[in-house]
Amino acid sequence: MSSLIALGTGGAATVTTMYLYVGVRGKGKIKVKDDHVPYWAFGIGLLAANAGTAFQQLSGIGQQLSTAFEGNAALGEWKVGATAAVLTLAVFGLQPRAWKDALCGAVAPSLFAAAGGLWVLPSSILSGLISAFIK
């Protein structure tokens, strides 16, 4: 047995995305609270990093967001870590909104990995744990 759950990363990303979608809608038996959305979306982002090409666009969104800030001369010197900090503050500092938290949470792992340093720790530790269970 190679893993506890034989979904594959693409299958796991799809199942998790569907669970989040159905849970946020909240009309059935599955319910996801608004303040839990960023954590679910972060997991989707971690799975998407190792999934197929259908999920590769998530990391591209994070890179484009960071590039937009870096290319703005009015902001001065801007690094990827600053974009990761702004994204984190947007998720945890503003009132929970499912659409905002889902997008920010799904983009966060790629930004954290690109920023390096302490930012990469949550992504690398959780990605290692997830990879051990889902293959």
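Residues numbered from 1 in each chain as written. Predicted model: local features only at pLDDT ≥ 70, side-chain atom pairs only at ≥ 80, totals over all residues. Heavy atoms only, no water.

## A short note on the overall build of the chain
Condition: Strands here are runs of E lasting at least two residues and helices are runs of H or I lasting at least four, both read from the DSSP assignment and numbered beginning at the N terminus. Using C-alpha atoms as the atom set, the radius of gyration is obtained and then compared with a globule rule of 2.2 Å times the number of residues to the power 0.38. Exposure is judged per residue with a 1.4 Å probe applied to protein chains only, and the accessible area is read against the type maximum: over 50% gives exposed, under 20% gives buried, and values in between give partly exposed. A contact between two residues is defined here by any heavy atoms of the two lying within 4.5 Å. The sign given to each residue is positive for Lys and Arg and negative for Asp and Glu; His and the chain ends receive no count. Taken as the charge centre is NZ of Lys, CZ of Arg, CG of Asp or CD of Glu, depending on the residue.
When helices and strands are counted, the chain shows six helices and zero strands. In sequence order, the chain lays out its α and β elements as α-α-α-α-α-α. The globule rule puts the C-alpha radius of gyration for 135 residues at 14 Å, and the 15 Å found for the chain is close to it. Expressed along its principal axes, the backbone C-alpha trace of the chain runs to roughly 50 × 35 × 25 Å. Here the chain holds 135 residues, and 34% of them are scored as buried. The long-range share in the chain, meaning contacts at least 24 apart out of those at least 6 apart in sequence, stands at 67%. Looking at the chain, you have 9 positive and 5 negative side-chain charges, and the mean spots of the two groups are 14 Å apart.

## A look at the packing of aromatic side chains
Note the cut-off: What counts as a ring pair is set by centres within 6.5 Å for rings of Phe, Tyr and Trp (its six-membered ring), and what kind of pair is set by the plane angle: stacked under 30 degrees, edge-to-face over 60, tilted for all other angles.
Enumeration over the complete set of coordinates arrives at five aromatic pairs. Consider the rings of Tyr 39 and Phe 92, whose centres lie 6.0 Å apart with planes at 40 degrees: the pair is tilted. Taken together, the residues Tyr 39 in helix H2 (residues 37-50) and Phe 92 in helix H4 (residues 80-93) connect sequence positions 53 residues apart. Overall, Tyr 39 belongs to the exposed group, its relative accessible area being 52%. Using a relative accessible area of 54% as the deciding quantity, one classes Phe 92 as exposed. Seen from their ring centres, Phe 42 and Phe 112 are 6.0 Å apart, and the 45 degrees between their planes marks the pair as tilted. On the criterion of sequence distance, the pair formed by Phe 42 in helix H2 and Phe 112 in helix H5 (residues 98-115) is long-range, its members being 70 residues apart. According to the relative accessible area criterion, Phe 42 is buried, its value standing at 13%. Aromatic ring contacts, followed pair by pair, group Phe 42, Phe 112 and Trp 119 into a single cluster.

## A word on H2
Note the cut-off: Multiplying 1.5 Å by the residue count of a helix minus one yields the expected span of that helix.
Counted at 1.5 Å a residue, the expected span for H2 with its 14 residues is 20 Å, and the 21 Å between its end C-alpha atoms agrees. By the criterion of burial, H2 is predominantly enclosed, with 10 of the 14 residues buried. Along H2, the residues classified as buried are Val 37, Pro 38, Ala 41, Phe 42, Gly 43, Ile 44, Gly 45, Leu 46, Leu 47 and Ala 48.

## Examining the packing of helix H3 (residues 57-70) against H5
The condition that has to hold: Throughout, an axis means a line fitted to C-alpha atoms (over the contacting stretch in the case of helices), and angles, computed between N-to-C directions, take values from 0 to 180 degrees. Between 65 and 115 degrees an angle is taken as roughly perpendicular, under 35 as roughly parallel, over 145 as roughly antiparallel, and anywhere else as oblique. Note on residue classes: Ala, Val, Leu, Ile, Met, Phe, Trp, Tyr, Cys and Pro are nonpolar, Asp, Glu, Lys and Arg are charged, and everything else, Gly too, is polar.
Here H3 crosses H5 at 80 degrees, and the two axes come no closer than 8 Å. Classified by the interaxial angle, the pair formed by H3 and H5 is roughly perpendicular. Of the residues in H5, those in contact with Leu 58, Ser 59, Ile 61, Gly 62 and Ser 66 of H3 are Leu 103, Ala 106, Val 107, Ser 110 and Leu 111. Tallied by class, residues from the contact of H3 with H5 come to six nonpolar, four polar and no charged.

## Section: the environment of Ala 114
On the secondary structure map, Ala 114 appears in helix H5. Look at Ala 114 and you get partly exposed, because its relative accessible area is 49%. Distance in space between the C-alpha atoms of Ala 114 and Ala 84 is 9.2 Å, their sequence separation being 30 residues.

## Some points on the confidence of the model for the chain
Rule in force here: Each residue gets a pLDDT score, which is the predictor's confidence in that residue and runs from 0 to 100.
Here the chain averages 83 in pLDDT, while 93% of its residues score no lower than 70. By mean pLDDT, helix H6 (residues 120-133) is the weakest element of the chain at 75, and H4 is the strongest at 91.

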